[in-house]
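# Geometric and topological summary
Now for the letters of each chain:
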Amino acid sequence: MTVLHETSTFIEEITPRLREREYAAQVAQWILATQGGEEAKKRFEEAELACRMLKSDRELFQRIKKLRESDGGQDVLRSRSIQLLYNQFLKNQIPENLIRAIIEKEAEVGKLFTEFRADLNGQRLSDNDIGTMLKQEKNPQVRKEIWAASKQVGQAAGPMILELVRLRNIAAQALGYSNYYGMRLALDEIDEKWLHRFFKTALQQSAMSYRVARLHIDQVLSRNFGVPATELGPWAWGVFTQEDPIAPSDLDRLFANQDIVMYVRNYYHSVGFGNEFDDVFSRSDLYAREGKNQHGFCIDVDRMGDVRVLMNVLANEIWFRIFFHEFGHAVDAKSRSSTLPWILRSFSHMMTTEAIAVFFESPLYSKDYLRRTLKSANDEELIFNELISSRARYKLIFPRWVVLMTNFESELYKNPDQDLNALWWGLTKSIHGIPEPKRPPGAMDWASKYHIALAPVYYHNYLLADIVSEQLKATVARSLKYGIEDPFLAEFLRGRWFRLGASLRWDQLIRFATGEQLNLKHWTNALKQL
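## As for the overall build of the protein
Each helix and strand counted, the protein has 23 helices and four strands in total. A compact globule built from 530 residues should have a C-alpha radius of gyration of about 24 Å, and the protein, at 23 Å, falls within 12% of that. Along the first, second and third principal axes, the C-alpha set of the protein runs to 75 × 55 × 45 Å. In the protein, which comprises 530 residues, the proportion classed as buried is 59%. With the model as given, the accessible surface of the protein reaches about 22300 Å², and the carbon-plus-sulfur share is 50%. The average position of the 69 basic charges and that of the 68 acidic charges among the side chains of the protein differ by 3 Å.

As structure tokens, then:
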């Protein structure tokens, strides 16, 4: 039997087993997110354990390893399938009791984040409640109390997250890696040294613009709250320091009483993704309720067309953006070629699917789109300008938040026993220039960020995605007459990106789609035009 034939036979053998278990795990994750509860938690644990136990099978891994070592590259799709299988199976070559411990702890933390509500003077508050209150409250003392309430989930989750970090490190070290952070990057085909250099350059190239923006931000916040700029802490920004803290509160009246569902649907229909949008919409869960996960995400349940979106939609700018974003993920997932092997019917990399999602946020910050779409007040032009100015500030603030998260996670996995709250606020001060707040001993503010617990070593993909997105937008602008609103956009993206799935490495896909390797040129140009 030739190596090529042996590879084909193995892929045909393993695919139905993987598909069955991953489908069960995805469905269980959806049920846990939409319903919560102990029964859903147990179902997710069992499904995830079954999936990981298959990938921990040593005999299967040895076969994959042998096929990878003897692969001559005669068939690129099979070669890529074997490489991805190797990456997935390698990280699961750990004892069953360790796999089980990690899954159980992840499910426990996931249930906590789904069901937790902050307590403020006896009032139970959701994430949406806290966000709305911080947008409206002007009294510094009251804001500090609301902001502190947003960190209560961290106090509850922190000890469990530290257990998870240690378990993940034990797993990574058993496989020959120094820690889990380094393992995840390596198996995601990202060079850690390159990543930190690339991000350092990105912040350097945007430093002057950020300093100018910060002077304006501090002036406005100082005036709004009646305190000197030197006394402004993270409470003045929001739950986290990742959004524009001076976005005018009346921006949301652009979207009040507006049917944002209709607007997003109309956009995706207008650029050729109507069928994909409608199918996903029919399967999705869009509105908040007690016991439901408070975040937004898209899930490809079976790689065969069952794609769903979870959101907690409100008629405001943030959820309008998230709506565009998550359905960007959705049309990506729905558009992968059905002729690809099932293993390759996924995204090339987290950064590439995030890049598509960020790409599809663009209409919301286009004056032309807003003028045509929204029926607003007489001063709508002024509000449009304020919205776009706020977006410009966000595009300077958010990269620094990503670098903060990236650096924090890197240090967290290197030494989880250090004073992590001091690390968190120290990075906030050095990267954002925001003074450290006075916090009680033992505070675990860092643990209130969901991603640290349940989307580990992921956040760097958001900045990479923003950079890739600008490179893709530049390509679309050169190639299509009406750019991001062109009726042939779907056809273009299907041909250049979506149909390829995971058949190419992320760097190969970017070069194929845009004609150049990943670089900062288009991203820095876009920042200059804001």
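Read on for the rest.
## Brief notes about the side chain of Thr373
Structurally, the position occupied by Thr373 is in helix α16 (residues 367-373). Classification of Thr373 as buried rests on a relative accessible area of 16%. Of the polar contacts made by the side chain of Thr373, one reaches the backbone oxygen of Tyr369; its length is 2.7 Å.

## Focus: helix α8 (residues 152-174)
Between its terminal C-alpha atoms α8 stretches 34 Å, which fits the 33 Å expected from 23 residues at 1.5 Å a residue. At Gly158, α8 shows its maximal kink, close to 45°; a proline, Pro159, follows between one and four residues later. Residue Gly176 follows α8 closely and has a positive phi angle near 95°.

## Things to note about the pairing of strand β3 (residues 297-300)
Here β3 runs beside strand β4 (residues 307-310); their pairing, made up of four bridges, is antiparallel. Note that in β4 the partner of Phe297 across the bridge is Leu310.

## Considerations on the state of the cysteines
Considering all chains together, one arrives at zero disulfides under this definition. Left without a disulfide partner, Cys298 is nearest to the cysteine sulfur of Cys51, which lies 18 Å away. In this structure Cys298 comes out as partly exposed when scored by relative accessible area, which is 23%.

## Points about the nonpolar core
Formed by 155 residues in total, the largest nonpolar core has its most connected members in Tyr268, Phe320, Phe323, Phe360 and Trp446. A total of 15 residues in this core trace back to one element, the largest contributor, which is helix α17 (residues 380-414). For Phe323, the residues in contact, after removing those within four places along its chain, are Ile260, Val261, Val264, Phe277, Phe281, Leu286, Met311 and Val313.

## Section: the side chain of Asn519
Among the structural elements, Asn519 can be located in the loop between α22 (506-514) and α23 (521-529). The exposure class assigned to Asn519 is buried, which follows from its relative accessible area of 17%. Polar side-chain contacts of Asn519 include one of 2.9 Å to the backbone oxygen of Gln517. Polar contacts involving the side chain of Asn519 include one to the main-chain amide nitrogen of Lys521, which spans 2.9 Å. Not counting chain neighbours up to four residues away, the residues in contact with Asn519 comprise Phe198, Ile467 and Gln471.

## Observations regarding the packing of helix α3 (residues 58-70) against helix α4 (residues 76-90)
At a minimum axis separation of 9 Å, α3 and α4 run at an interaxial angle of 140°. The pairing of α3 with α4 is recorded here as oblique in orientation. When you trace α3 past α4, the crossing you get is left-handed. Of the residues in α4, those touching α3 at Leu60, Phe61, Ile64, Lys65, Leu67 and Arg68 are Ile82, Gln83, Leu85, Tyr86, Phe89 and Leu90. Residues that form the contact of α3 with α4 fall into these classes: nine nonpolar, one polar and two charged.

## Here we look at the pattern of salt bridges
This structure, assessed with the given rule, holds 41 salt bridges. Note that Arg308 and Asp306 form a salt bridge whose closest N and O atoms lie 2.9 Å from each other. Owing to a relative accessible area of 10%, Asp306 belongs among the buried residues under this scheme. Three or more residues joined by partner-sharing salt bridges are found here, namely Glu38, Lys41, Glu45, Lys111 and Glu115.

## Some details on the environment of Ala40
For Ala40, the location among the structural elements is in helix α2 (residues 38-55). On the accessibility criterion, Ala40 (7% relative accessible area) is buried. Along the chain, Ala40 and Ala455 lie 415 residues apart, while their C-alpha atoms are 19 Å from each other. Ala40 has contacts with Ile31 and Leu32, leaving out every residue within four places of it along the chain.

## Here we look at the packing of helix α10 (residues 192-205) against helix α20 (residues 460-479)
At a minimum axis separation of 12 Å, α10 and α20 run at an interaxial angle of 60°. In terms of their interaxial angle, α10 and α20 are classed as oblique. Here α10 and α20 pass one another in a crossing that is left-handed. Facing α10, whose interface residues are Trp194, Leu195, Phe198 and Phe199, α20 presents His460, Leu463, Leu464 and Ile467. Taken together, the residues of the contact of α10 with α20 break down into seven nonpolar, one polar and no charged.

Conventions and cut-offs
Residues numbered from 1 in each chain as written. Predicted model: local features only at pLDDT ≥ 70, side-chain atom pairs only at ≥ 80, totals over all residues. Heavy atoms only, no water. Helix = DSSP H or I, 4+ residues; strand = E, 2+ residues; numbered from the N terminus. Rg over C-alpha atoms; globule rule 2.2 N^0.38 Å. Buried < 20%, exposed > 50% of the residue type's maximum accessible area, 1.4 Å probe, protein only. Areas by Shrake-Rupley, 256 points an atom, 1.4 Å probe, with all protein chains shown as cover. Lys, Arg positive; Asp, Glu negative; His and termini not counted. Charge placed at Lys NZ, Arg CZ, Asp CG, Glu CD. Polar contact = N/O pair within 3.5 Å; in protein donor to acceptor, adjacent residues only side chain to side chain. Expected span 1.5 Å × (residues − 1). Bend = angle between axes of the 7 residues up to and from the residue. Pairing = 2+ DSSP bridges. Disulfide = S-S within 2.5 Å. Core = buried A, V, L, I, M, F, W, Y, C linked by side-chain atoms within 4.5 Å. Contact = heavy atoms within 4.5 Å. Axes fitted to C-alpha atoms, helices over the stretch in contact; angles between N-to-C directions. Parallel < 35°, antiparallel > 145°, perpendicular 65-115°, else oblique. Left-handed = near helix turned anticlockwise from the far one by under 90°. Nonpolar A, V, L, I, M, F, W, Y, C, P; charged D, E, K, R; others polar. Salt bridge = Lys/Arg side-chain N within 4 Å of Asp/Glu carboxyl O.

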